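Overview (structure and organization)
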Amino acid sequence: MAKVFAVVLLLLNALGPNTGIKLDGNGYTDILIAINPAVPQNEEIINQIKEMTTSASKYLFQALDNLLFFKEVKILVPPNWSGTYERIRRETYDKANVIIDYPHPAYGDEPYTKQIKGCGEESEYIHFTPNFLLNDDLLIAYGPRGRVFVHEWAHLRWGVFDEYNERESFYMSDNQAHKTRCTGQITGQRYEVINGKYLCCRYDETGLPTKECQFFPDKEQQASTSIMYMQSLDSVTTFCQTGEHNAEALNMQNQKCDNKPTRTVIFQDSVDKDALQTLKPLQSPPPPPTFRVIQKQNRVICLILDVSGSMQGQRIFRLRQAASLFLSEIVEDGAYVGIVKFSTAADIISSLTKIEGKFSRHSLINKLPTAASGSTNMCTGLALGSEVLKKDDQSTEGDNVIFLTDGEATDDIQSCLQSAVDSGAIINTVALGPAASNVLVTMADLTDGKFFFADESLLSNQLVDAFSSFTMSDGDPTKQTIQLESTGTITTNWFNGTVPIDRTVGNSTTFTIIYERSAPTVYIQTPSGSVYDQNDQTHVTDNAAIKTITLNVPGTAEPGDWRYSFLNTESTAQTMTLTVTSRAARGNVPPVMVKAQISQPTSDGSKPVVVFAGVSQNYLPVLGAKVIATLQSDTGHSEKLNLLDNGAGADAFKDDGIYSRYFIKLQNGRYSLKVQVIHQGGVISGSHNRNSGALYVPCYSVHGQVQRNPEKPPVNVQLADVGSFTRTVTGESFVAKVPPGEIPDFPPNKIIDLRAEMREDTVLLNWTAPGEDFDQGTAESYEIRWSKYLETLQSNFRKANLINTSALQPQEAGSDEQFSFLPDVIIQNGTTLYFAVRSEDKEAVKSEISNIARVTKFVPSPKPSVISNQGLNLTTIMVSVCVVSVLACLVVAVTILAMKRKKAGRAI
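Criteria and thresholds
- Residues numbered from 1 in each chain as written.
- Predicted model: local features only at pLDDT ≥ 70, side-chain atom pairs only at ≥ 80, totals over all residues.
- Heavy atoms only, no water.
- Helix = DSSP H or I, 4+ residues; strand = E, 2+ residues; numbered from the N terminus.
- Rg over C-alpha atoms; globule rule 2.2 N^0.38 Å.
- Contact = heavy atoms within 4.5 Å.
- Areas by Shrake-Rupley, 256 points an atom, 1.4 Å probe, with all protein chains shown as cover.
- Lys, Arg positive; Asp, Glu negative; His and termini not counted.
- Charge placed at Lys NZ, Arg CZ, Asp CG, Glu CD.
- Pairing = 2+ DSSP bridges.
- Core = buried A, V, L, I, M, F, W, Y, C linked by side-chain atoms within 4.5 Å.
- Buried < 20%, exposed > 50% of the residue type's maximum accessible area, 1.4 Å probe, protein only.
- Axes fitted to C-alpha atoms, helices over the stretch in contact; angles between N-to-C directions.
- Phe/Tyr/Trp six-rings, centres within 6.5 Å; stacked < 30°, edge-to-face > 60°.
- Lys NZ or Arg CZ within 6 Å of the ring centre and 35° of its normal.
- Parallel < 35°, antiparallel > 145°, perpendicular 65-115°, else oblique.
- Nonpolar A, V, L, I, M, F, W, Y, C, P; charged D, E, K, R; others polar.
- Patch = residues over 30% accessible without salt bridge, like charges linked within 9 Å, V, L, I, M, F, W, Y side chains within 5 Å.
- Salt bridge = Lys/Arg side-chain N within 4 Å of Asp/Glu carboxyl O.
- Disulfide = S-S within 2.5 Å.
- Left-handed = near helix turned anticlockwise from the far one by under 90°.
- Polar contact = N/O pair within 3.5 Å; in protein donor to acceptor, adjacent residues only side chain to side chain.

Summing up its helical and strand segments, the protein has 17 helices and 50 strands in all. By the compact-globule yardstick of 29 Å for 908 residues, the protein fits well, its C-alpha radius of gyration being 30 Å. Its C-alpha atoms give the protein principal-axis dimensions of about 90 × 65 × 60 Å. Residue pairs in contact within the protein that sit at least 24 positions apart in sequence constitute 74% of those at least 6 positions apart. As displayed, the protein has an accessible area near 36,200 Å², and 49% of this comes from carbon and sulfur atoms. In the protein, which carries 81 positive and 99 negative side-chain charges, the distance between the mean positions of the two groups comes to 4 Å.

Laid out in structure tokens, this is it:
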């Protein structure tokens, strides 16, 4: 079995990234662009997608030395669009690399990429709006759509970051204020815009321009760099590389990628790094991408269930309970469901049945298997399941399989693995118990399905949670079943608790109680005091055959705290579990959603697994939630992690609604992942800053005159208070194969949020404390160094000046650290100092060097605070002093009035 396990691990590691994108020679294939069902049908959107991607392919080919292009693109249109489109294979909305959807509530029509990981790692998706695709007015400020697509592609595929910074647009270096960008070769002018007038920028006490100061690039440029700064300029055709890169700029690329140029990350750190070392430039331009416009109609699902002898007893009960919940609450109306059972042979329990109300659901539930015997012939079950799926249209492509088994196959499962892959069906696999075949992991991965491990314990509720995860994924959250609660206990008397139902959910709300032996007495109280119990036979159903009691709340459940009390009527302790599900309260209000995932499907224990949980409502991040991840292996090892959204350790960005943590205590086995989110009420959304997206340019400088671009459509962010809520989600399971011997002694995590400021001559440093092992425990000590030269900290940390930190005692991981000191040298006015930190654990294992923080000493010279100046329209107003001389500012204003210059000659 160990040999099979190792083969499975190698297969999964060879599969590469999980975005579905492939690099076939020099061309990218399997790029999936999906249109959200909320977008009204408009064939011009499809045309614009094709045009954008075609022009992007040409631009990408030029940008990377004729090495890469877009070869094959699939466009997934919504199920409700009419017309003749190709049949999908395994494409689903939730796997899309690019989504076309209504504007983000905070970003509007701005294109952006959802990045939740570190430098060089692939991102989640690119978001374009229909208006961005259809409204040519936006192209003046962003540049041609193909250029924007390449900018976002670099975020998505290669994990690079933006080279501008709208929050810190300028920085000090060599006693001068510089524009934050990749290269200083981009020329332009600085102005403040006041009442439509363009005026010289004012400067604050730090020597930097005030926040009102804007940089207007010259429309005509000579610089070819950089796409991650300003792709809208006609001259820009390349990514920033060594020799051009501005390592001092205060941008996300420098902060997240250790001050490396974008091109260096693409060629040395990205998922394509190995291919880029061997690919040869093409001698001629590649052909345009080929496009397939595809569509999925209703879901077609076959449950293929193991009923071999090892499934006797509690396992067959767990199967029936989980499958019953799936059929009664999870699968959507309009789907087609068939059921096959297998052991020594396979049998059809039910052919494809359309889900149309309670009768069809109960009919399928009543057919679920009740007995188990015989051997385990998986290939027989898979083959018969395929026959069932073909009954609707003679094809299995795009259909879904939920395949559950608890044992090793007595037939050679490898013999039918390839036919399963070739079928085009999405095969989701569930391993019930530790003896289930490891080929289930491979089969799910090769068919774009999900793999879940579940133990047979009623208390864990893992099998119910796994089946609850098989929801529809067409991009419309208002149609999905959402699991609010999944909990259990062993008790001799009462099982009590509270489930808050927030204002975004409430329809089709169900409380499902599963008990071990005897039915408990059930009391469920609404927020207004009404009570449901066994006497309410209209809404409460007791199914003794599968030991389940179900409350179906009529209409839309009342928002607020629902209290439950279940009394064990036996004299001895028994196990009870509660699962609460619901759907959106209204079709026009997206519910709070949670998505749980891990950073890698397999691990050999040499590096930690990162656990992510995204909590959002209508794209807006949900802040201030308590997020707990439970990881449990099939060998019984269990860990709980409190996930954090603090922008430190495993968490890439603070306040983006992505809660993260390292999981380091890996042992051999298959791990399940369960995440519980608790929010106590109040406004749920906070930060609305894009972390990755193409730059909007409000104005260009054209021959010395300011040319205004069309304004971005306004956004009106409505901060919602949906009330208290809980969510429980199950992420896909993952595999750990830790070599025998000692568990690695992990270092403290890299500090990624070091900040510096100067108060008179004292330097104040702030950061988030790392742990003894990554972000857990407490580090032993800190090593802080500084230099006047950025390159010193980058290339030779140990040669930088060491700061005495003997009095600095590290705090527990996640704590706010603060350290102030007086440098032992005289700091001249205009001097910039750079700082970095490295921590160490008790075994003297050192962390990576932190991000580099900087601070500039600036003592303003005594000058008048206000001068008289003349704007572009000859209107005299009062403005503050520019850092450059008053004379320079007047020369610029007079020159602009006198004539149209062919080119602004002053580089900012």
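Let's shift gears to the sheet that holds strand 44 (residues 781-787). Read across the open sheet, the four strands follow the order 45-44-47-48; overall the sheet is antiparallel. Two strands close off the open sheet at either side, each with one partner strand: strand 45 (801-802) and strand 48 (853-856). Bridge count between strand 47 (residues 832-840) and strand 48: four bridges; the pairing is antiparallel. Within strand 48, the residue paired with Phe835 across the bridge is Ala853.

Core analysis: the largest hydrophobic core is formed by 74 residues, its most contacted members being Ile35, Trp158 and Phe239. Considering every element that reaches this core, the biggest residue donor is helix 2 (residues 43-63), with eight residues. Among the nonpolar cores identified, the runner-up in size contains 34 residues, and Ile301, Ile365, Leu404 and Val464 belong to it.

Through backbone hydrogen bonds, the strands of a sheet pair up, either in parallel or in antiparallel fashion. The seven strands are arranged 6-15-5-3-7-9-8 in an open sheet whose pairing can be described as mixed. Here the strands that pair on one side only, and so sit at the sheet edges, are strand 6 (86-87) and strand 8 (112-114). Contacting strand 3 (31-35), strand 7 (98-100), strand 8 and strand 9 (125-128), helix 5 (residues 145-158) runs over the sheet at an angle of about 150° to strand 9.

The next subject is the packing of aromatic side chains. In total, this model carries 33 aromatic pairs according to the counting rule given. Measuring from ring centre to ring centre gives 6.3 Å for Phe663 and Phe734, while their planes differ by 80°; the resulting arrangement is edge-to-face. Residue Phe663 is found in strand 37 (residues 658-663), and its partner Phe734 is found in strand 41 (residues 725-736); the two are separated by 71 residues along the sequence. Phe663 sits in the buried class, given a relative accessible area of 1%. Between Phe746 and Phe774 the ring centres are 5.4 Å apart and the planes differ by 65°, which places this aromatic pair in the edge-to-face class. In this pair, Phe746 is assigned in the loop between strand 41 and strand 42 (755-759) and Phe774 in the loop between strand 43 (762-768) and strand 44, connecting sequence segments 28 residues apart. Side by side, Phe746 and Phe774 carry an identical accessibility label, which is buried. Among the aromatic residues, those joined into a ring-pair cluster are Tyr28, Phe70, Phe128, Phe132, Tyr142, Phe149, Trp153 and Tyr696. Here the guanidinium or amino end of Lys219 rests over the ring plane of Tyr700, the centre of that ring lying 4.1 Å away.

Let us now look at the packing of helix 2 against helix 5. Their axes nearest at 8 Å, the elements helix 2 and helix 5 cross at an angle of 75°. By the angle between their directions, the pair helix 2 and helix 5 is classed as roughly perpendicular. Along its contact with helix 2, which presents Gln48, Met52, Ser55, Ala56, Tyr59 and Leu60, the element helix 5 presents Arg145, Gly146, Arg147, Phe149, Val150 and Trp158. When its residues are assigned to classes, the contact of helix 2 with helix 5 shows seven nonpolar, three polar and two charged.

A surface patch of nonpolar side chains, about 280 Å² in accessible area, is lined by Trp494, Tyr523 and Val531. One can find Tyr523 in strand 25 (residues 521-525).

Taken as a whole, this structure holds four disulfides when the rule is applied. Each sulfur of the disulfide joining Cys201 and Cys213 lies 2.0 Å from the other. Sign of the S-S torsion, about 80° for the bond between Cys201 and Cys213, identifies this disulfide as right-handed. In this pair, Cys201 sits in the loop between strand 13 (197-199) and strand 14 (213-217) while Cys213 sits in strand 14, placing the two residues twelve residues apart along the sequence. For Cys213, a relative accessible area of 5% translates into the label buried. Covalent S-S linkage joins Cys379 and Cys416, the inter-sulfur distance amounting to 2.1 Å. Its S-S torsion of approximately -80° makes the covalent link between Cys379 and Cys416 left-handed. Here Cys379, found in helix 12 (residues 378-389), pairs with Cys416, found in helix 13 (residues 414-422); they are 37 residues apart in sequence, far enough to count as distant.

It is worth spelling out the packing of helix 13 against helix 14 (residues 439-446) at this point. Interhelical geometry of helix 13 versus helix 14 gives an angle of 15° and a closest axis separation of 10 Å. In terms of orientation, helix 13 and helix 14 fall into the roughly parallel class. At the point where helix 13 passes helix 14, the crossing takes the right-handed sense. Residues Gln414, Leu417, Ala420 and Val421 of helix 13 form the contact with helix 14, whose own contacting residues are Val439, Thr442, Met443 and Leu446. Partitioned by chemical class, the residues of the contact of helix 13 with helix 14 number six nonpolar, two polar and no charged.

With that out of the way, let us pick up helix 14. Burial runs high along helix 14: six of the eight residues are buried. Listing the buried residues of helix 14 in full gives Val439, Leu440, Val441, Thr442, Met443 and Ala444. Asp448 occupies a position one or two residues after helix 14 and carries a positive phi of about 60°.

The next point concerns the pairing of strand 9. Side chains of strand 9 alternate between two faces, with Tyr125 and His127 and Ile126 and Phe128 buried alike. Two elements, strand 7 and strand 9, share three bridges in a ladder whose sense is parallel. If you follow Val98 over to strand 9, its bridge partner there is Ile126. Two elements, strand 8 and strand 9, share three bridges in a ladder whose sense is antiparallel. Within strand 9, the position partnered with Thr113 by the bridge is Ile126.

Within strand 30 (residues 574-584), eleven of the eleven residues are buried, which leaves the element mostly enclosed by the surrounding structure. Both strand 22 (residues 482-491) and strand 30 contribute to a ladder of nine bridges, which runs antiparallel. Among the inter-strand pairings, Thr489 is bridged to a residue of strand 30, identified as Met576. Both strand 24 (residues 505-515) and strand 30 contribute to a ladder of eight bridges, which runs antiparallel. What sits directly across from Tyr515, in strand 30, is Met576.

The final tally for this structure, using the stated rule, is 39 salt bridges. Asp399 is the salt-bridge partner of Arg87, the closest N and O atoms lying 3.7 Å from each other. Note that Arg87 is positioned in strand 6 and Asp399 in the loop between helix 12 and strand 19 (400-405), a separation of 312 residues in sequence. A salt bridge links Lys842 to Glu772, with the nearest nitrogen and oxygen atoms 3.7 Å apart. With Lys842 in the loop between strand 47 and strand 48 and Glu772 in the loop between strand 43 and strand 44, this residue pair connects regions lying 70 residues apart in the sequence. Note on Lys842: relative accessible area 56%, which makes it exposed. Through salt bridges with shared partners, a single ionic network connects Lys22, Asp30, Lys74 and Glu91.

Structurally, Ser460 is set in the loop between strand 21 (451-454) and helix 15 (462-468). Since its relative accessible area comes to 15%, Ser460 is described here as buried. Here the side chain of Ser460 touches Ser457 through a polar contact of 3.2 Å, landing on its backbone oxygen. Setting aside residues no more than four positions away along its own chain, Ser460 makes contact with Asp455, Asp465 and Lys674.

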